[in-house]
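Single-letter residue listing:
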Amino acid sequence: MTIFICAVVTLLTLVYVFYLPGELYLGPEKTRAAYLRERKDAVYENLRDLNFEYKAGKLPDADYQSLKTSLQDEAATLLAEIARLEKNPPPASRRAKA
Amino acid sequence: MAQIGSYVLLLALALSAYSFLAGTVALVRRDHGSERMGETARRAGIATFAMVLLAAVVLVICAFQDNFSIAYIFHHSNRDLPAPYKFATLWSGQEGSLLFWSLLLAAYGFVLRLRYKTDPRLFAYASVVIAGVQVFFLLLLNFAAHPFAVMQGSLPSDGAGLNPLLQYPEMVIHPPMLYLGYVGFTVPFAFALGALIMKYPGEKWIHVTRRWTMVTWGFLTCGIFLGAHWAYSVLGWGGYWGWDPVENASLMPWLTGTAFLHSVMMQEKRGMLKVWNMWLVFATFWLAILGTFLTRSGIISSVHAFAQSSIGEWFGWFLIITFAAFLYFFLMNKSHLRSEHKLESLVSRESSFLFNNLLFVLACFTILWGTWFPKISELAQGHQVTVGAPFYNSVAIPVALLLLVLTALGPLLAWRKTSLESLKRNFLWPALGALAVGLVMMISGVRPWNDISYFYALMAAMLAALVSLTVISEFIRGGRVISGHSGQNLFASMVHLLHRNTRRYGGYIVHFGVAVLVIGILGTPFNREAEKEMGYGDKMSLGPYTLVCQSYTQEYNENYSSEWAIINVLKGDKQIGTMYPERRFYKASQQAQTIPRIRSTAAEDLYLVYEGLNPDTGRPIIKAHLNPLVMWIWVGVWIVIVGTGVALIPNAQAVVRVPAPKLVESHAPAGAGD
């Protein structure tokens, strides 16, 4: 009985691991543009937090304006590079997906 | 059954080794066939979970069947052991707890491998790292600490029984919590190492692991405090933390993990501290393995080290190999970890995180040094020199106070830089509130100049007030903004605020919980105790309480016999209750165990221990402790858990208006991602 159970467990495991019908999901490869979009989202979130803290009265005007300008500059830099990459996309990767 | 358990453990080892090797080959080769090989590696990882789960189920069934032909079951169970403790047999001894460790790791790996579509390549790297760790634990289980090893010679009719210290309800959940925490830190480490090896562009791996890290941290926090509560409720010395090596072992990864939870925000928001975070997450994983090693090897004596064994060498090699592997990949790829911004001001949110990290790491290093000092001194001088609570307290208390300062200050500071005006605006009222608390304490008799512990207590109270007030002010300010927009009342607005940024405001709730917890700890310098031989009608006084011995009684069941003292508790002339401190004698293990009784109020705990009979006089001895404010510790922990739970809830979506893009000439490119 023990041998039978062990044999069945082994067989089921081997089938599960090595029987791969159909296409595999490989997902898109991460590009620099995707990375920049993530950074852009982070900067937008920082801007959102800054605005909220200003409205909450935590920041004096001068601090708020200075921090906002530096974050907007950062966002603009990112957006500019994203725009450039979208205009001239790099060659497509082999990783397409089913 | 034992053969099935042994076989599936061997199969699990083969599967995890395949998952590791095939996964590595697939990632290195990256040709067409490698994608299918990578998929088989992922599935082998999933199948590993099924096999380890099957092994654990078999072991638990053997415990319930009283199968004493298995040495592990014989040593950690007996026929009359109550069912919950039979279930807990799985993690009551070395072999079982290593199997449990392996099971939890396989379970985390199972979830991770199912979610691979989030980012298949990053997840494939993380899966290989987890498989590597899994191989180590399965090697241990198969060749060094086999849970299905059989008894030699004639079969015993009953087991040796579970250690009486472990026969307590919290012991059924404390080890799983702690292990979920220890094991869970493998996941963020696996993603961090995977991201480093593949030079993953950006910080998405942090985003992916954020919840894993918080859940893991929450489990470790629960585990540590359940352990503290168990020590308080069972060990009978009246305290909850004794700086025992195994307690320290759980605290060290918690400290670095807490530091990581904070500093990782700097990487997410500002692309800073990438090298630091990488080392911090590695240190947390490494210290979690070290903690398991300390608990399981018995290399350093501890009341919690429930094993003495030869697996120390295995762990030693594993710790060396993981360190070497991490160092290799770090040196090869460190250029990928360039910081995207520099620290602009010492008065900023970034610098508060930086100082908080330095303090956490300092505390961790001190505890690591103190924990290993007996071993180091033995190597240097030939005999062990242990360090006690005064050593740890001399560093931990000032560090904890400074951390409280930063906990209060951090949320009030802006990212990048904070002006003096901004500081004054945010800090004035909480600071005045904290000063008022200090004044009230001094007026009520706390004299900080009389004793350093009173000084620490006063500072802790003021800082706990400061933290609480800053948290409250953050909620009120945010709530007012929402209220101004939505017209909701302030409370509803604060709930809305919580939903809007659960991570931040959940974190503030955690900070508030820590402040409450500190209030509990600051009662320690004011602890009192008394001990007396008490016959029928004898009295003992402690603080406002008078204890009157009413009688003693005995009780028997299959598992143990027990003696109880029946003590009436009076406050003034009024009887406010009866307490029953107990002493048990476990039949299977032939060991005695005290079961203290605790009368807990917000002001103080009355803690009674029946210490047994005086061998000279034959009279029973009762020891009483009066521990102020202890309940606040457990309340604080609950608040911390609630805060962690809140932080795990996804944010409600918010719309952001940003400026239209404008082309920028020759700015430095955003770092990394190339």
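Criteria and cut-off values
- Residues numbered from 1 in each chain as written.
- Chains lettered and ligands numbered in written order.
- Predicted model: local features only at pLDDT ≥ 70, side-chain atom pairs only at ≥ 80, totals over all residues.
- Heavy atoms only, no water.
- Helix = DSSP H or I, 4+ residues; strand = E, 2+ residues; numbered from the N terminus.
- Rg over C-alpha atoms; globule rule 2.2 N^0.38 Å.
- Buried < 20%, exposed > 50% of the residue type's maximum accessible area, 1.4 Å probe, protein only.
- Contact = heavy atoms within 4.5 Å.
- Lys, Arg positive; Asp, Glu negative; His and termini not counted.
- Charge placed at Lys NZ, Arg CZ, Asp CG, Glu CD.
- Expected span 1.5 Å × (residues − 1).
- Bend = angle between axes of the 7 residues up to and from the residue.
- Polar contact = N/O pair within 3.5 Å; in protein donor to acceptor, adjacent residues only side chain to side chain.
- Salt bridge = Lys/Arg side-chain N within 4 Å of Asp/Glu carboxyl O.
- Arc of directions from axis to C-beta.
- Axes fitted to C-alpha atoms, helices over the stretch in contact; angles between N-to-C directions.
- Parallel < 35°, antiparallel > 145°, perpendicular 65-115°, else oblique.
- Left-handed = near helix turned anticlockwise from the far one by under 90°.
- Nonpolar A, V, L, I, M, F, W, Y, C, P; charged D, E, K, R; others polar.
- Pairing = 2+ DSSP bridges.
- Buried area = accessible area lost by both parts, 1.4 Å probe.
- 1 Å grid on protein atoms, 1.4 Å probe; cavity = no way out; pocket = protein on both sides within 12 Å on 5 of 7 lines; lining within 4 Å.
- Points joined across faces, edges and corners; volume = space filled by probe spheres on them.
- Disulfide = S-S within 2.5 Å.
- Core = buried A, V, L, I, M, F, W, Y, C linked by side-chain atoms within 4.5 Å.
- Domains from an automatic or database assignment.

### A look at the overall build of chain A
Regarding its fold elements, chain A presents three helices and zero strands. Helices and strands in chain A line up, N terminus first, as α-α-α. Against the 2.2 N^0.38 benchmark of 13 Å for 98 residues, chain A shows a C-alpha radius of gyration of 26 Å, more extended than a compact globule. Across its three principal axes, chain A shows a C-alpha extent of roughly 80 × 40 × 15 Å. Among the 98 residues that make up chain A, the fraction classed as buried is 44%. Of all intrachain contacts in chain A linking residues separated by at least 6 positions in sequence, the fraction that spans at least 24 positions is 73%. Charge centroids of chain A, computed over 14 positive and 13 negative side chains, lie 6 Å from each other.

### Comments concerning helix H10 (residues 245–270) of chain B
All names here are of chain B. Its 26 residues give H10 an end-to-end C-alpha distance of 37 Å, which sits within 8% of 38 Å, the value for a rise of 1.5 Å per residue. Along H10, the sharpest kink reaches roughly 25°, centred on Leu261. The element H10 is largely enclosed, with a buried count of 25 among its 26 residues. A side-chain oxygen of the first residue of H10 lies 2.9 Å from the backbone nitrogen of Val246; this N-cap is Asp244. At the C-terminal side of H10, Gly271 shows a positive phi close to 65°.

### Remarks on the pattern of salt bridges
All names here are of chain B. Inspection of the entire model under this criterion finds 25 salt bridges over all chains. For the salt bridge of Arg210 with Glu268, the shortest nitrogen-to-oxygen distance reads 2.4 Å. Placement of Arg210 in helix H9 (residues 204–235) and of Glu268 in helix H10 is noted, with a sequence separation of 58 residues between them. Here Glu268 falls in the buried class, since its relative accessible area comes to 11%. Here Arg619 makes a salt bridge to Glu533, at a shortest N to O gap of 3.4 Å. Of this pair, Arg619 sits in the loop between strand E9 (604–613) and strand E10 (620–628) while Glu533 sits in strand E1 (residues 528–533), placing them 86 residues apart in sequence. Taking relative accessible area as the criterion, Arg619 reaches 34% and is therefore assigned partly exposed.

### Considerations on helix H12 (residues 312–333) of chain B
All names here are of chain B. A rise of 1.5 Å per residue sets the reference length of H12, with its 22 residues, at 32 Å; its end C-alpha atoms lie 31 Å apart and thus fit the reference within 8%. Along H12, the positions that sit buried rather than exposed are Gly312, Phe315, Phe318, Leu319, Thr322, Phe326, Phe330 and Asn333. The buried residues of H12 occupy one face: seen down the axis, they fall within an arc of 120°. Exposed positions of H12 whose direction lies more than 90 degrees from the buried face are Glu313, Trp317, Ile320, Ile321 and Leu331.

### Some details on the packing of helix H8 (residues 186–197) of chain B against H12 of chain B
Residues and elements named next belong to chain B. At their nearest, the axes of H8 and H12 sit 9 Å apart, and the two run at 40° to each other. By the criterion of interaxial angle, the relationship of H8 to H12 is oblique. Of the two elements, H8 crosses H12, and the hand of that crossing is left-handed. Between H8 and H12, the contacting residues are Phe189, Leu193, Leu196 and Ile197 on the first element and Phe326, Phe329, Phe330 and Asn333 on the second. Tallied by class, the residues present in the contact of H8 with H12 amount to seven nonpolar, one polar and no charged.

### Structural notes on unusual backbone geometry
Residue and element names in this part refer to chain B. Although it is not a glycine, Lys199 adopts a positive phi angle of roughly 50°. One can find Lys199 in the loop between H8 and H9. Assessed through its relative accessible area of 38%, Lys199 is described here as partly exposed. The backbone of Leu629 sits at a positive phi, close to 65°, despite the residue not being glycine. Along the chain, the position of Leu629 falls in the loop between E10 and helix H19 (630–648).

### Section: the sheet that holds E9 of chain B
All names here are of chain B. With antiparallel pairing, the four strands of this open sheet are ordered in space as E1-E10-E9-E8. Because the sheet does not close on itself, it has two edges, and the strands there are E1 and strand E8 (597–600). With strand direction ignored, the average angle separating the axes of adjacent strands in the sheet is 15°.

### Digging into the interface of chain B and chain A
Taken residue by residue, the interface counts 74 residues in chain B and 55 residues in chain A. Regarding the contact of chain B and chain A, the summed buried area is about 5500 Å², with carbon and sulfur atoms giving 57% of it. Counting every contact that joins chain B to chain A gives 19 residue pairs in polar contact (both at pLDDT 80 or more). At the level of secondary structure, the elements contributing two or more residues to the side of chain B that touches chain A comprise helix H1 (2–29), helix H2 (32–64), helix H6 (120–143), H10, helix H15 (420–443), helix H16 (452–486), helix H17 (490–500) and helix H18 (502–521) of chain B. Of all the elements, H2 of chain B adds the most residues to the side of chain B that touches chain A, at ten residues. Residue composition of the side of chain B that touches chain A, by class: 34 nonpolar, 16 polar and 24 charged.

### A closer look at the layout of surface pockets
Residues and elements named next belong to chain B. In this structure, the second largest pocket encloses a volume near 640 Å³. Forming the boundary of the second largest pocket are 24 residues, of which Phe20, Val129, Gly132, Ile321 and Ala325 lie nearest the centre. Elements supplying a minimum of two residues to the lining of the second largest pocket: H1, H6, H8 and H12. Looking at the lining of the second largest pocket, its residues break down into 21 nonpolar, three polar and no charged.

### Side note on the state of the cysteines
The full count for this structure, using the stated rule, is zero disulfides over all chains. There is no disulfide at Cys62 of chain B, and the cysteine sulfur nearest it, in Cys6 of chain A, is 13 Å away.

### Focus on the nonpolar core
All names here are of chain B. If you look at the biggest cluster of nonpolar residues, it comprises 148 residues, and the most contacted ones within it are Leu99, Trp101, Phe137, Phe191, Trp205 and Phe315. Counting only domains with at least three residues in this core, you end up with domain 1 (1–162) and domain 2 (419–523 + 639–648). Apart from residues no more than four positions distant in its own chain, Trp101 is found in contact with Val133, Phe137, Tyr179, Tyr182, Val183, Thr186, Ile289 and Thr292. With 33 residues, the next largest nonpolar core counts Tyr508, Ala515, Val518 and Val646 among its residues.

### Description of the pairing of strand E3 (residues 545–556) of chain B
All names here are of chain B. Across four bridges, strand E2 (residues 539–542) lies against E3 in antiparallel orientation. When the bridges of E3 are listed, Ser541 appears paired with Thr546. Adjacent in sequence and paired antiparallel, E2 and E3 are bridged by two residues, among which Gly543 carries a positive phi angle near 60°. Note: E3 against strand E4 (residues 560–571), eleven bridges, orientation antiparallel. Counterpart to Leu547 in the pairing with E4 is Val569. If you look at the hairpin formed by E3 and E4, you'll find three residues sitting between the two strands.

### Structural notes on the domain arrangement of chain B
Residue and element names in this part refer to chain B. The domain boundaries assigned to chain B delineate domain 1 (1–162), domain 2 (419–523 + 639–648) and domain 3 (527–628). Placing the centre of domain 1 and that of domain 3 at their C-alpha centroids yields a distance of 44 Å. Across the domain 1 to domain 3 interface the summed buried area is about 400 Å²; carbon plus sulfur atoms make up 49%. Summed over the three residues of domain 1 that lose the most area to domain 3, namely Asn78, Asp80 and Ala160, the buried surface amounts to 66% of that side. Our enumeration of links across domain 1 and domain 3 arrives at zero salt bridges. The interface formed by domain 1 and domain 3 holds zero residue pairs in polar contact (both at pLDDT 80 or more) in total. Looking at side-chain class alone, the side of domain 1 that touches domain 3 contains four nonpolar, three polar and one charged residues.

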